[in-house]
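Here's the letter readout for the chains.
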2 protein chains.
Amino acid sequence: MLTRTPRGSPNKNHLLARGIMLWRCIADDFEQMILVGKYDNAERLPAESEIAARYGVNRHTVRRAMSELAVRGLVRTERGSGTFVKTDKLDYRIGERTRFSEIIAAAGHEAEGRLQGHRLEPASEEIAVRLGLKPGDDVVRLEIVRAADRVPISVATTWLDGQRFCDAAKVFRQLRSVTRTLDYYGIVGYRRKWTRISAAFADAVDAGRLRLSVHRPILVVESLDVTSDDKPVLTTRGRFAADRVALIVES
Amino acid sequence: MLTRTPRGSPNKNHLLARGIMLWRCIADDFEQMILVGKYDNAERLPAESEIAARYGVNRHTVRRAMSELAVRGLVRTERGSGTFVKTDKLDYRIGERTRFSEIIAAAGHEAEGRLQGHRLEPASEEIAVRLGLKPGDDVVRLEIVRAADRVPISVATTWLDGQRFCDAAKVFRQLRSVTRTLDYYGIVGYRRKWTRISAAFADAVDAGRLRLSVHRPILVVESLDVTSDDKPVLTTRGRFAADRVALIVES
DNA sequence: CCAAGTTGTCTAGTTTAATAGACAAGTGAT
DNA sequence: ATCACTTGTCTATTAAACTAGACAACTTGG
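These numbers were taken from a predicted model, which means no experiment stands behind them.

What follows deals with the pairing of strand S6 (residues 151-161) of chain A. All names here are of chain A. Among the 11 residues of S6, 10 are classified as buried, and the element is accordingly described as predominantly covered. Looking at chain direction, strand S5 (residues 138-148) and S6 are connected through 10 bridges and run antiparallel. Bridging from a neighbouring strand, Ile-144 pairs with Ala-156 of S6. Counted along the chain from S5 to the antiparallel partner S6, the turn is two residues long, and its residue Asp-149 has a positive phi close to 50 degrees. One ladder, built from six bridges, connects S6 with strand S9 (residues 232-241); its direction is antiparallel. Counterpart to Val-155 in the pairing with S9 is Arg-239.

All names here are of chain A. Taken domain by domain, chain A consists of domain 1 (22-85) and domain 2 (90-249). Contact with domain 1, which involves six residues of that partner, is made by seven residues of domain 2. Taken together, the two surfaces of domain 1 and domain 2 that pack against each other cover about 510 Å², and 50% of this comes from carbon and sulfur. Contact with domain 2 buries surface across domain 1, with Leu-35, Val-71 and Arg-72 losing the most and accounting together for 66% of the total. Here domain 1 is connected to domain 2 by zero salt bridges. For the pair domain 1 and domain 2, the interface holds two residue pairs in polar contact (both at pLDDT 80 or more). Sorting the residues of the side of domain 1 that touches domain 2 by element identifies helix H1 (22-35) and helix H3 (59-71) as the ones contributing at least two each.

It is worth spelling out the protein's contact with DNA strand C at this point. In the vicinity of DNA strand C, 23 residues are found, and the nearest of them are Leu-22, Trp-23, His-60 and Thr-61 of chain A together with Arg-59 of chain B. Across the atoms of DNA strand C situated within 4 Å of the protein, the share located in sugar and phosphate is 64%. A distance of 2.5 Å is found between a base oxygen of DNA strand C and a side-chain nitrogen or oxygen belonging to His-60 of chain A. Between His-60 of chain B and DNA strand C, the recorded distance is 3.2 Å, taken from a side-chain N or O atom to a base nitrogen. Those elements giving two or more residues to the surface near DNA strand C turn out to be H1 and H3 of chain A together with helix H3 (59-71), strand S1 (75-78) and strand S2 (82-85) of chain B.

We now examine the relation of the copies chain A and chain B. After a rotation of 179 degrees and a shift along the axis of 0.0 Å, chain A superposes on chain B with an RMSD of 0.1 Å. Each copy turns onto its partner about a two-fold axis. Identified as the residue of chain A closest to the rotation axis by C-alpha distance is Ile-20 of chain A, at 2.3 Å. Comparing contact sets, 100% of the residues at the interface of chain A also lie at the interface in chain B, consistent with an isologous, same-surface contact.

Before going further, it helps to examine the protein's contact with DNA strand D. As a structural note, the neighbourhood of DNA strand D is formed by 24 residues, with Arg-59 of chain A together with Leu-22, Trp-23, Thr-61 and Arg-79 of chain B the closest of them. When the atoms of DNA strand D within 4 Å of the protein are grouped by moiety, sugar and phosphate amount to 66% of the total. Gly-80 of chain A is positioned such that a nitrogen or oxygen atom in its backbone is 3.1 Å from a sugar or linking oxygen of DNA strand D. Secondary-structure elements contributing two or more residues to the surface near DNA strand D are H3, strand S1 (75-78) and strand S2 (82-85) of chain A together with helix H1 (22-35) and H3 of chain B.

Our next topic: the interface of chain A and chain B. Listed per partner, the contact involves 10 residues of chain A and 10 residues of chain B. Taking both sides of the interface into account, the surface hidden between chain A and chain B amounts to around 1200 Å²; carbon and sulfur atoms contribute 47%. Area buried by chain A at its contact with chain B is led by Arg-18, Gly-19 and Arg-211 of chain A, which between them contribute 47% of it. At the boundary of chain A with chain B, the tally comes to two salt bridges. The shortest N-O distance in the salt bridge between Arg-18 of chain B and Glu-68 of chain A comes to 2.7 Å. Between chain A and chain B we count six residue pairs in polar contact (both at pLDDT 80 or more) in total.

Residues and elements named next belong to chain A. Where helix H2 (residues 48-55) is concerned, the buried positions are Glu-48, Ile-51, Ala-52 and Tyr-55. Down the axis, H2 shows its buried residues gathered within 100 degrees of arc, on one side only. In this fold, the buried residues of H2 make contact with H1 and H3. After H2 finishes, the residue Gly-56 shows a positive phi value of roughly 70 degrees.

A word on the pattern of salt bridges. With the rule as written, the count across this model stands at 52 salt bridges over all chains. The salt bridge involving Arg-59 of chain A is made with Glu-48 of chain A; its shortest N-O contact spans 2.6 Å. Remark: Glu-48 of chain A occurs in helix H2 and Arg-59 of chain A occurs in helix H3; sequence separation between them is 11 residues. On the basis of relative accessibility, which here comes to 42%, the residue Arg-59 of chain A falls in the partly exposed class. Salt-bridge contacts for Glu-102 of chain A lead to Arg-97 of chain A; the nearest nitrogen and oxygen are separated by 2.6 Å. Three or more residues are tied together by salt bridges with common partners; here these are Arg-18 of chain A together with Arg-24, Asp-28, Glu-31, Glu-68 and Arg-72 of chain B.

Glancing now at unusual backbone geometry. Located in the positive-phi region is Asp-230 of chain A, a residue other than glycine, with phi close to 70 degrees. Structurally, Asp-230 of chain A can be placed in the loop between strand S8 (217-226) and S9. You can call Asp-230 of chain A partly exposed: its relative accessible area is 38%. In this model, Arg-176 of chain B sits at a positive phi of 60 degrees, which is unusual for a non-glycine residue. Along the polypeptide, Arg-176 of chain B turns up in the loop between helix H6 (168-175) and helix H7 (178-184).

The rules we used
- By convention here, each chain's residues receive numbers from 1 onward along its written sequence.
- Key to labels: chains lettered from A, ligands numbered from 1, both in the order written.
- Where local features are concerned, this predicted model is filtered to residues with pLDDT of at least 70; where side-chain atom pairs are given and counted, the filter is 80 or more; whole-chain, interface and lining totals use all residues.
- Excluded from the side-chain calculations are hydrogens and water; all other atoms, namely the structure's heavy atoms, are used.
- The buried label applies to any residue whose accessible area, calculated with a 1.4 Å probe on protein chains only, is under 20% of its type's maximum; exposed applies above 50%, and partly exposed to all values in between.
- The numbering of helices and of strands both runs from the N terminus, where a helix is a DSSP run of H or I of at least 4 residues and a strand a run of E of at least 2.
- Pairing between two strands requires that DSSP report at least two bridges joining them.
- Note that the domain bounds were set by an automatic or database domain assignment.
- Residue contacts are counted whenever heavy atoms from the two residues lie within 4.5 Å of one another.
- Accessible area that two parts lose when put together, with a 1.4 Å probe and added across both, is what the buried area reports.
- When a carboxyl oxygen of Asp or Glu is within 4 Å of a side-chain nitrogen of Lys or Arg, the pair counts as a salt bridge.
- What qualifies as a polar contact is a pair of N or O atoms within 3.5 Å, subject to a donor-acceptor requirement within protein and to the restriction that residues adjacent in sequence count only when both atoms come from side chains.
- A molecule or strand has a residue near it when one of that residue's heavy atoms lies within 4 Å.
- Copy-to-copy superposition: least squares on the C-alpha atoms, limited to residues that have pLDDT of at least 70 in both copies.
- Read the arc as the range of directions from the helix axis to the C-beta atoms.

Okay, here's the thing in structure tokens:
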């Protein structure tokens, strides 16, 4: 636990946590305790006023910290009742029909996809092979952040044939779903051909987009989707916040 | 490199670096670049005004960041001339006569030792064996932070026989040197019997004391010193900031 | 010596983190 | 229904981060 000069005398702790705001220290402290298992899944945290007293800090500061934890998807707070730990993971089933929006909606959550950036670029060796193109051919690259109930779940880099889908970014921004975007291009029954799962740590950029700390683990999910007549149409490199998602593969 | 909304519109980057002060972001950014080798040892950093422009930030903010880097011992700044990277390491020779103050002074720096805490405690198995006591016997435990030119070099936990040196903490606080403290007790020619060197990462407490980031490496130096007639007198577990010190063992 | 470029210091003003206190609104148990 | 306890919201104040600009002190190279 983090300790401060209790009260009265202003903070002399330039030693500990220089340049880090108080609420952030408290938030990180609780994240640590939660992730290390000091609190169980649906357990109630101490009341804001008690935490405030414990740290020798104003309740508003604690509230700011809790709001941060909520953004990170670690707690859920209920008026009149308390703040509860939320470390259960979303089950994300990977199969032939893998659609983010559908999976989230089926689990009773609000799905959301935001295009963070896009670019037309020459296909790398790897991407070209996957999509059945020649290296150097134009491909559309989309960076999409996906969230359930406003909590970021994954960031995905998606590549499509640059000729056929040159307006993909514009279309996606309108329709806000990969499924509907492909639908716009007349592709209805696309299916997952293969999925490759590995693990890593979040880099600074992904950590920011996923609202994760840099040292948190991510599931790296590479995949290829094909049309109903088996033509490659879309390949993806997704990074899932491992603290928030579990991948389910049935066989 | 970290980027912000350049100017005019107030910071909308609550996304990146929430709860981290601006100067701290810049300092960490430069630490990263320096440690990764983007700047050579005595190389000059860009002028404060240029850095400020580059980040879209006031010069004072950059100055605060540079001051932080100076505290971390990563740069040295010269009026009228510039700010220079300082990644060369202090050579710390380990031999029969290993005295912090002497080594630092011989290298032309100002040595300093501050007692951060002390305690009378029962000897652990390990410490008892080293000091020739029985486990559970009282030992004095000192926590000392050592610095060269105000930059922390090491933090050391030192154990002494609790009966013979029960006032050691008080004496050290007066004399500010282990050598002089032992001298006070009539021990003049103590010498290093053995030294054991390993490596680890700084934990939160040591990182704070050494003004290091938590993920930085440290050299763990355990040692035993004996009197001239070969009686154990003092054993230590030191943690040296590996970014600032290199240990030299001649043979 | 001079001029250009650098860090150091000062004053002043704006924005935001953190404090302090009060009360409304909701929950849950008796 | 009520009571103790919780989170949500409001107003006001203080401390500190950040901005802005000016100028002094110093270094370096011509």
